[in-house]
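Residue-level structural notes
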Amino acid sequence: MSFPTNRPRRLRGSASMRKMMRETEIGVGRLIYPMFVTHGTGVRKDISAMPGCAQLSIDLLIKEAAQVYEAGVPGVILFGIPKMKDAVGSEGYHPDGIVPMAISALKKELPELQVWSDVCLCEYTDHGHCGVIVDGEVDNDATLPLLTRAAVVYAQAGADIIAPSDMMDGRVGAIRKGLDGAGFSHLPIVSYAAKYASAFYGPFREAAQSAPQFGDRRGYQMDPANAREALREVALDLEEGADIVMVKPALPYLDVIRRVKEEFNVPVAAYNVSGEFAMVKAAAEMGWIDHDRVAAEILLSIRRAGADIILTYFAKDAARLLKEMGS
Ligand code: PBG
């Protein structure tokens, strides 16, 4: 039966009808806010391509995290800017490094806030790669113990979730073993399972000062052309003990989010990355799009594709954006 018997517009006739018929909500409780933490006090260094985001010293980080938490966002994920970078990324796994200090300060001031800790070496290495270099190549197996050390140090500082983003093979298993051995078998791992070698990370690399100084990340991050391979990465990470799997970036990979969601019965996170954020900011700045409506529509699309959790720089504006979507 079709028109005129069938009229889908009947269910769109009023705001309250539309509200009742909504299939997907963003849900501020499903957003995680990424933050950049730097040494010093009273330091706020704005990130030009990410308006509203800044490298913050711990005192200001706490203030901003408190506001984000007040708005209903359950957690933050931390990226550190070290004092010094070296070939093996030492500050990344030093107990007095910037991230462990920030974790313990946040947990002390805001015990209810979930603190996710990204685990990767690229912010801490002078060459900017996510692992150690042996004979000009990122050496997978030599990197695993360092990532494991970092995870344990963050756990000891009080992190609630460990999130390895380096894309070395076997890192989830190595980190799981390390955490269990150190008495943290209860701590969940979110693996950046399907992380693509993406140009959408551009602004982040300015923010975290982590651009590779030679070559690129295509030897360890995934080829944007591949979706089947993402399923393999996810399967391996789950076997190794990942509790939540992530797809990153989000918007250009909605199909991957959907396939992961359908194939595996596990929580899926998606990272709405810096470049996705910067595009919206720039176009809105030019007056070409409506910032709030576009941001909300993007977040909704990521949820609709199947993500349970979204890491997004828009989380700070979440309360306002959710109102925009009428939820
Ligand atoms: C570290 C890491 C990156 C991002 C998150 N963790 C950058 C990269 O892999 O180059 C990107 C996040 C963003 O663009 O917002 N490996």
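Residues numbered from 1 in each chain as written. Predicted model: local features only at pLDDT ≥ 70, side-chain atom pairs only at ≥ 80, totals over all residues. Heavy atoms only, no water.

With respect to the overall build of the protein chain
Convention followed: The secondary structure listing takes helices from DSSP runs of H or I that are at least 4 residues long and strands from runs of E that are at least 2 residues long, numbered from the N terminus. Two things to know: the radius of gyration comes from C-alpha atoms, and the globule rule equals 2.2 Å times the number of residues to the power 0.38. Buried means the residue's accessible area, taken with a 1.4 Å probe over protein chains only, is under 20% of the maximum for its type, while exposed means over 50%, and partly exposed covers the values in between. Any two residues whose heavy atoms approach within 4.5 Å at even a single point are treated as in contact. To be clear on the numbers: accessible area is Shrake-Rupley with a 1.4 Å probe, and residue cover counts the displayed protein chains and nothing else. Counted as positive: Lys and Arg. Counted as negative: Asp and Glu. His and the chain ends are not counted at all. By convention, charge coordinates are those of NZ in Lys, CZ in Arg, CG in Asp, or CD in Glu.
Looking only at helices and strands, the protein chain has eleven helices and twelve strands in total. At 20 Å, the protein chain has a C-alpha radius of gyration in line with the 20 Å of a compact globule built from 327 residues. Overall, the protein chain is about 70 × 45 × 40 Å in size when its C-alpha atoms are taken along their principal axes. In the protein chain, which comprises 327 residues, the proportion classed as buried is 54%. Put simply, of all contacts in the protein chain between residues at least 6 apart along the chain, 74% involve residues at least 24 apart. Surface exposure of the protein chain reaches about 14600 Å², of which carbon and sulfur atoms provide 52%. Here the protein chain contributes 36 positive and 42 negative side-chain charges, whose respective centroids are spaced 9 Å apart.

Observations regarding the pattern of salt bridges
Defined as follows: Salt bridges are identified by distance alone: a Lys or Arg side-chain nitrogen within 4 Å of an Asp or Glu carboxyl oxygen.
For the structure on display, the rule yields eleven salt bridges. Here Arg 44 ties to Glu 64 by a salt bridge, and the two come within 3.3 Å at their closest N and O atoms. Here the residue Arg 44 occupies a position in strand 2 (residues 44–46), and Glu 64 occupies one in helix 2 (residues 58–70), the gap between them amounting to 20 residues. Using a relative accessible area of 41% as the deciding quantity, one classes Arg 44 as partly exposed.

Considering a nonpolar patch on the surface
The criterion, for reference: Exposure above 30% relative accessible area and the lack of any salt bridge qualify a residue for a patch; like charges then connect within 9 Å, and the nonpolar side chains Val, Leu, Ile, Met, Phe, Trp and Tyr within 5 Å.
A surface patch of nonpolar side chains, amounting to about 300 Å² of accessible area, comprises Leu 11, Met 20 and Met 21. Relative to the helices and strands, Met 21 is located in helix 1 (residues 15–21).

Looking at the packing of helix 9 (residues 274–285) against helix 10 (residues 291–305)
Put simply, the test is: Axes here mean lines fitted to C-alpha atoms, for a helix over just the part in contact, with angles spanning 0 to 180 degrees between N-to-C directions. Orientation labels follow simple angle bins: below 35 degrees gives roughly parallel, above 145 gives roughly antiparallel, 65 to 115 gives roughly perpendicular, and whatever is left gives oblique. Note on convention: near helix rotated counterclockwise from far helix by under a right angle means a left-handed crossing. Clockwise means right-handed. Side-chain classes follow a simple rule in which Ala, Val, Leu, Ile, Met, Phe, Trp, Tyr, Cys and Pro form the nonpolar group, Asp, Glu, Lys and Arg form the charged group, and the remainder, Gly included, forms the polar group.
Two elements in contact, helix 9 and helix 10, have axes separated by 9 Å at closest approach and are oriented at 160°. Between helix 9 and helix 10, the angle is such that the two are roughly antiparallel. Considering how the two elements wind past one another, helix 9 and helix 10 form a crossing that is right-handed. In this structure, helix 9 contributes Val 280, Lys 281 and Ala 284 to the contact, and helix 10 contributes His 291, Val 294 and Ile 298. Split into classes, the residues belonging to the contact of helix 9 with helix 10 amount to four nonpolar, one polar and one charged.

Some words on the environment of Gly 27
Here Gly 27 shows up in the loop between helix 1 and strand 1 (31–38). In sequence terms Gly 27 and Gly 72 are 45 residues apart; their C-alpha atoms lie 9.3 Å from each other.

Topic: the site of the ligand
Definition in use: Whether a residue is near a molecule or strand depends on its heavy atoms: if one lies within 4 Å, it is near. Any pair of N or O atoms that falls within 3.5 Å is considered a polar contact. Within protein, one atom must be able to donate a hydrogen and the other to accept it, and sequence-neighbouring residues count only if both atoms are side-chain atoms.
Near the ligand there are 18 residues, and of these Lys 195, Arg 205, Lys 248, Ser 274 and Tyr 313 occur at the shortest range. Lys 248 places a polar side-chain atom, nitrogen or oxygen, 3.2 Å from a nitrogen atom of the ligand. Relative to its unbound accessible area of 400 Å², the ligand is 100% covered by the protein chains. Tallied by class, the residues present in the shell around the ligand amount to ten nonpolar, three polar and five charged.

What to know about the pairing of strand 11 (residues 268–272)
Applied cut-off: Two strands pair under a simple rule: DSSP has to find at least two bridges between them.
The buried fraction of strand 11 is high, at five of five residues. Neither face of strand 11 is open: one carries Val 268, Ala 270 and Asn 272, the other Ala 269 and Tyr 271, and all of them are buried. As judged from the three bridges shared by strand 10 (residues 244–248) and strand 11, these two strands associate in the parallel manner. If you follow Met 246 over to strand 11, its bridge partner there is Ala 269.

Things to note about the environment of Ile 309
For Ile 309, the location among the structural elements is in strand 12 (residues 309–312). In this structure Ile 309 comes out as buried when scored by relative accessible area, which is 17%. Between the alpha carbons of Ile 309 and Ala 270 there is a distance of 6.4 Å; along the sequence they are 39 residues apart. The contacts of Ile 309, once residues within four sequence positions are left out, are Arg 30, Ile 32, Trp 116, Ile 244, Val 268, Ala 269 and Ala 270.

Section: the nonpolar core
Cut-off, in case you're wondering: The set of buried Ala, Val, Leu, Ile, Met, Phe, Trp, Tyr and Cys residues whose side-chain atoms join them within 4.5 Å is what this entry labels a nonpolar core.
Phe 36, Leu 106, Tyr 154 and Leu 179 are the most contacted members of the largest nonpolar core, which totals 115 residues. When residues of this core are assigned to their parent elements, the largest contribution, ten residues, is made by helix 4 (residues 140–157). Not counting chain neighbours up to four residues away, the residues in contact with Leu 179 comprise Ala 151, Val 152, Ala 155, Ile 162, Phe 184, Ser 185, Leu 187 and Ile 189.

Quick look at the pairing of strand 8 (residues 161–164)
On strand 8, burial covers both faces: Ile 161 and Ala 163 on one face and Ile 162 and Pro 164 on the other are all buried. Pairing of strand 5 (residues 114–119) with strand 8, which is carried by four bridges, proceeds in the parallel orientation. Paired with Asp 118 across the two strands is Ala 163, which belongs to strand 8.

Remarks on unusual backbone geometry
Note that the residue after Phe 3, namely Pro 4, is joined by a cis bond; omega there is 5°. For Pro 4, the position within the fold is in the segment before helix 1. Omega for the bond connecting Lys 248 with Pro 249 falls within 30 degrees of zero, at -10°, which places this linkage in the cis form. Structurally, Pro 249 is set in the loop between strand 10 and helix 8 (254–263).

Notes on the side chain of Ser 301
Mapped onto the elements of the fold, Ser 301 is located in helix 10. Sequence-distant contacts of Ser 301, defined by excluding residues within four places in its chain, comprise Leu 251 and Leu 254.

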